[in-house]
Amino acid sequence: MQAQATQFAGGFSNTPVDAAHAFRAAMTVMARPGEIRTLSGAQAPVPVSGAAATLLLTLCDPETGVYLAGASDTPEMRQWLTFHTGAPLVDAAQADFAVGTWTDLLPLKTYRIGTSEYPDRSATLIVECHALAQTGATLSGPGIKNTSQLNLPDIPALQANSMLYPLGMDFFFTSGTQVAALPRSTQIAKG
Amino acid sequence: MTEYNFAYLDEQTKRMIRRAILKGLAVPGYQVPFASREMPMPYGWGTGGVQVSAATLTPDDTFKVIDQGADDTTNAVSIRKFFENTAGVAVTEETEKATLIQTRHRIPEAELTEDQILVYQVPIPEPLRFLEPRETETRKMHSLEEYGLMHVKLYEDISQHGDIATAYAYPVMVQDRYVMDPSPIPKFDNPKLEMSAIQLFGAGREQRIYAVPPHTKVVSLDFEDFPFVASKANHPCDLCGAEDSYLDEVILDDAGNRMFVCSDTDFCRSRRAAGHVGRLGTEDAA
Ligand SMILES: [Zn+2]
């Protein structure tokens, strides 16, 4: 992990192509809730995962406010994010993107959920997880043929988010180089 | 690092479009505003679709472009060449081999798979525009699900003018929430909007992106006394004999002779290659 020693390392080696592949993985999981894909190419300082780092580099720039939650908010991570994306660091309430563990990201009510005329003006949370698995909560709705399954950190909280539809937050779940997603449109039932 | 921008657009523009696509997928049928860029082609050539394709393509893709079902129009050929040159993608005319298909005004006849993406060129993304010219008002109507007037107007059109008035761009309700314009596809294609592929819609001039994830509920608006019918010319294809494909009517001569042929040229070609024969034979079969 020598690459993590400096904020200048850990970027894409070929930005346009790496970002294109990364976006396709991100788009695929957002379009198919419950699906797990590999997402790699970028490396951020510990404790941020490769998948989360790759999402940040693919989606963030000076136009997007990023909130680093809890343990992910280190001087090294701040420098890395600023150097590679130019994204302004903001509070949770202003964030377009937030990254951290589930408990570090709480409380959810802090984040933007969009407005009735612009539901897209909402936060996307990148939730760092120990592992991703297609077990646990049962998902249905757009992107899902019949049902799919995904281990979610907190079913009632995420059900409450989907009740806000078409407002609400959208989630990526990351672990190592794996990614899954949960848009606000997904209906969630206990396993 | 690179001398040119991959897929023409700079990285910041692609990121902005990619963020819009993700929000569009999260709220199916909702029109996400985006800052449309100038593209090296006129607006009528589907710059919205081109920008969505540019933000979505990877060098591993096999790209297909259809213009009203045909791969060989000037528009389709130009866009295909554009991405062949700027993104280094492989190109194809065969629907089954394509991983990303950009389309103007048709959905391919062949059923698309979950490994495919369909990108629509959209001229007018707002299905309520004919009722209300002001964007602030249509946005409010969508936010309040104020679709009553839309239903009334659609009912009037159908009851007074029959099928003709509503043969294209027939509005749909997406996942019981947003009324959406499916772009000027024939209503024959509407039932195919519920599919396994990811559908992305780009309107360049109007600066809107919207999306329909796989298996999303898409219902064509209709009425008890005028149920939705995915109509087509009541005729088989004169070249390949297909009874279930959308047909173009072609005038053959001054005497008024005409023929009906599949609008989806790859579908027709592959059927003829497989030995299917229509009324006018197989003379120019592939
Ligand atoms: Zn035919």
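Residues numbered from 1 in each chain as written. Chains lettered and ligands numbered in written order. Predicted model: local features only at pLDDT ≥ 70, side-chain atom pairs only at ≥ 80, totals over all residues. Heavy atoms only, no water.

**Some remarks on the overall build of chain A**
Basically, it comes down to this: Going along the chain from the N terminus, every DSSP run of H or I of four or more residues is numbered as a helix, and every run of E of two or more is numbered as a strand. For each residue, the accessible area found with a 1.4 Å probe, counting protein chains only, is set against the maximum for its type, and the residue is called buried under 20%, exposed over 50%, and partly exposed in between. By definition, residues are in contact when any of their heavy atoms lie within 4.5 Å. Computed with a 1.4 Å probe, the accessible areas rest on the Shrake-Rupley method; for each residue, only the protein chains presented here act as cover. Under the counting rule used here, the positive set is Lys and Arg, the negative set is Asp and Glu, and His together with the chain ends is not counted. All charge positions are set by atom: Lys at NZ, Arg at CZ, Asp at CG, Glu at CD.
Broken down by element type, chain A carries five helices and nine strands. Taken along its principal axes, the extent of the C-alpha atoms in chain A is 45 × 30 × 30 Å. Counting across all 191 residues of chain A, residues that qualify as buried make up 54%. Look at the contacts in chain A between residues 6 or more apart in sequence, and 67% of them connect residues 24 or more apart. Here chain A displays about 7300 Å² of accessible surface, and carbon together with sulfur accounts for 53% of that area. Mean positive and mean negative side-chain charge positions of chain A (10 and 14 charges, respectively) differ by 10 Å.

**What about the overall build of chain B?**
For clarity, the threshold we go by: The reference for a compact globule is 2.2 Å times residues^0.38; the radius of gyration itself is calculated from the C-alpha atoms.
Counting secondary structure elements, chain B contains six helices and 12 strands. Against the 2.2 N^0.38 benchmark of 19 Å for 286 residues, chain B shows a C-alpha radius of gyration of 19 Å, consistent with a compact globule. For chain B, the C-alpha atoms occupy an extent of roughly 55 × 50 × 35 Å along the three principal directions. Taking all 286 residues of chain B together, the buried fraction comes to 57%. A fraction of 62% describes how many contacts in chain B between residues 6 or more apart in sequence connect residues 24 or more apart. As displayed, chain B offers around 11900 Å² of accessible surface, 50% of which is attributable to carbon and sulfur atoms. Once the 29 positive and 45 negative side-chain charges of chain B are each reduced to a mean point, those two points are 5 Å apart.

**Let's talk about the environment of Thr113(B)**
Residue and element names in this part refer to chain B. Tracing the backbone through its elements, the reader meets Thr113 in the loop between strand 4 (100-104) and strand 5 (117-121). For Thr113, a relative accessible area of 38% translates into the label partly exposed. Other than its neighbours up to four places away in sequence, Thr113 contacts Ser196 and Ala197.

**Describing the interface of chain A and chain B**
The condition is simple: Throughout, buried area stands for the accessible area (probe radius 1.4 Å) lost by two parts on being put together, summed over both. Put simply, a salt bridge is a Lys or Arg side-chain nitrogen that is within 4 Å of an Asp or Glu carboxyl oxygen. Under this definition, polar contacts are N or O atom pairs within 3.5 Å; protein pairs additionally need one hydrogen-donor-capable and one acceptor-capable atom, and for neighbouring residues in sequence, both atoms have to be side-chain atoms.
Facing 44 residues of chain A, the contacting portion of chain B comprises 43 residues. Buried surface at the junction of chain A and chain B, summed over both partners, amounts to about 3600 Å²; 61% is from carbon and sulfur atoms. In this assembly, chain A and chain B are joined by six salt bridges. With a shortest N-O distance of 2.9 Å, Asp61(A) and Arg15(B) are connected by a salt bridge. The tally of links from chain A across to chain B stands at 16 residue pairs in polar contact (both at pLDDT 80 or more). Elements with a minimum of two residues in the side of chain A that touches chain B: helix 1 (15-31), helix 2 (50-59) and strand 7 (170-175) of chain A.

**Things to note about the sheet that holds strand 7 (residues 178-180) of chain B**
For sheets, the rule is that strands pair by backbone hydrogen bonds, running either parallel or antiparallel. Residue and element names in this part refer to chain B. Selection criterion: Here a strand pair is declared whenever DSSP counts at least two bridges between the two strands. As a rule, the C-alpha atoms of each element are fitted with a line to give its axis, helices using only the stretch in contact, and angles between N-to-C directions run from 0 to 180 degrees.
Ordered by their spatial adjacency, three strands build an open sheet running 7-6-10, and the pairing between neighbours is antiparallel. Only two strands of the sheet have a single neighbouring strand rather than two, namely strand 7 and strand 10 (218-220). Each strand axis lies, on average, 30 degrees off the axis of its neighbour in the sheet, ignoring direction. Across three bridges, the pairing between strand 6 (residues 172-174) and strand 7 is antiparallel. Residue pairing in the sheet places Met173 in a bridge with Val179 of strand 7.

**Description of the layout of surface pockets**
Selection criterion: Here a cavity means grid points, on a 1 Å grid over the protein atoms only, where a 1.4 Å probe fits yet cannot get out; a pocket means an open set of points with protein on both sides within 12 Å along at least five of seven lines; lining residues are those with an atom within 4 Å of a point. Grid points are joined across faces, edges and corners, and a volume is the space filled by probe spheres set on the points. Three classes are used, and their members are as follows: Ala, Val, Leu, Ile, Met, Phe, Trp, Tyr, Cys and Pro are nonpolar, Asp, Glu, Lys and Arg are charged, and the others, Gly among them, are polar.
If you add up the space inside the largest pocket, you get close to 430 Å³. Forming the boundary of the largest pocket are 20 residues, of which Asp96(A), Asp120(A), Arg19(B), Ala20(B) and Lys23(B) lie nearest the centre. Contributing elements (two or more residues each) for the lining of the largest pocket: helix 1 (11-26) and strand 1 (32-33) of chain B. The leading source of residues in the lining of the largest pocket is helix 1 of chain B, at five residues. In terms of residue class, the lining of the largest pocket is built from nine nonpolar, three polar and eight charged.

**Examining the sheet that holds strand 1 of chain B**
All names here are of chain B. Pairing in this open sheet of seven strands is mixed, and the strands run 1-9-8-5-4-2-3 from one edge to the other. The sheet is open, and its two borders are formed by strand 1 and strand 3 (90-91), each paired with just one other strand. Relative to strand 9 (residues 208-212), helix 1 is tilted by about 45 degrees, and along the sheet it contacts strand 1, strand 8 (198-203) and strand 9. Relative to strand 2 (residues 62-67), helix 3 (residues 74-87) is tilted by about 160 degrees, and along the sheet it contacts strand 2, strand 3, strand 4 and strand 5.

**Section: the coordination of the zinc ion**
Reference values for angles at a metal are 109.5 degrees in the four-donor tetrahedral case and 90 or 180 degrees in the six-donor octahedral case. All names here are of chain B. Operational definition: Coordinating N, O and S atoms are those within 2.8 Å of the metal (3.2 Å for Na, K and Ca), and as water is not part of the atoms, a site may appear to have fewer donors than expected. All geometry calls rest on donor angles, where a four-donor set with angles between 85 and 135 degrees is tetrahedral, four- and six-donor sets with opposite donors more than 155 degrees apart and all others between 65 and 115 are square planar and octahedral, and all else is irregular.
Taken together, the protein ligands of the zinc ion are Cys237 (SG), Cys240 (SG), Cys262 (SG) and Cys268 (SG), with distances of 2.2 to 2.3 Å. Here the zinc ion is ringed by four donor atoms whose angles at the metal span 106 to 116 degrees, and the overall shape comes out tetrahedral. Between consecutive donor residues of the zinc ion, the sequence gaps follow C-x2-C-x21-C-x5-C. Of this pair, Cys237 sits in the loop between strand 10 and strand 11 (247-251) while Cys268 sits in helix 6 (residues 265-273); the two residues are 31 residues apart in sequence, bridging distant segments of the chain. Cys268 carries the same exposure label as Cys237, and that label is buried.

**With respect to the side chain of Asp264(B)**
Residue and element names in this part refer to chain B. Along the chain, Asp264 turns up in the loop between strand 12 (258-262) and helix 6. Nearest to the buried, unbridged Asp264 among oppositely charged side chains is Lys64, at 5.1 Å. Only 2.8 Å separates the side chain of Asp264 from the backbone nitrogen of Glu109, close enough to count as a polar contact.

**Concerning the confidence of the model for chain A**
Counted only if it meets this: For every residue, the pLDDT score states the predictor's confidence, bounded by 0 at the bottom and 100 at the top.
Looking at chain A as a whole, its pLDDT mean stands at 96, while 97% of the residues score no less than 70. Low confidence marks residues 1-5 of chain A, where pLDDT is under 50. Its contacts with residues over four positions away, or in another chain, come to eight contacts.

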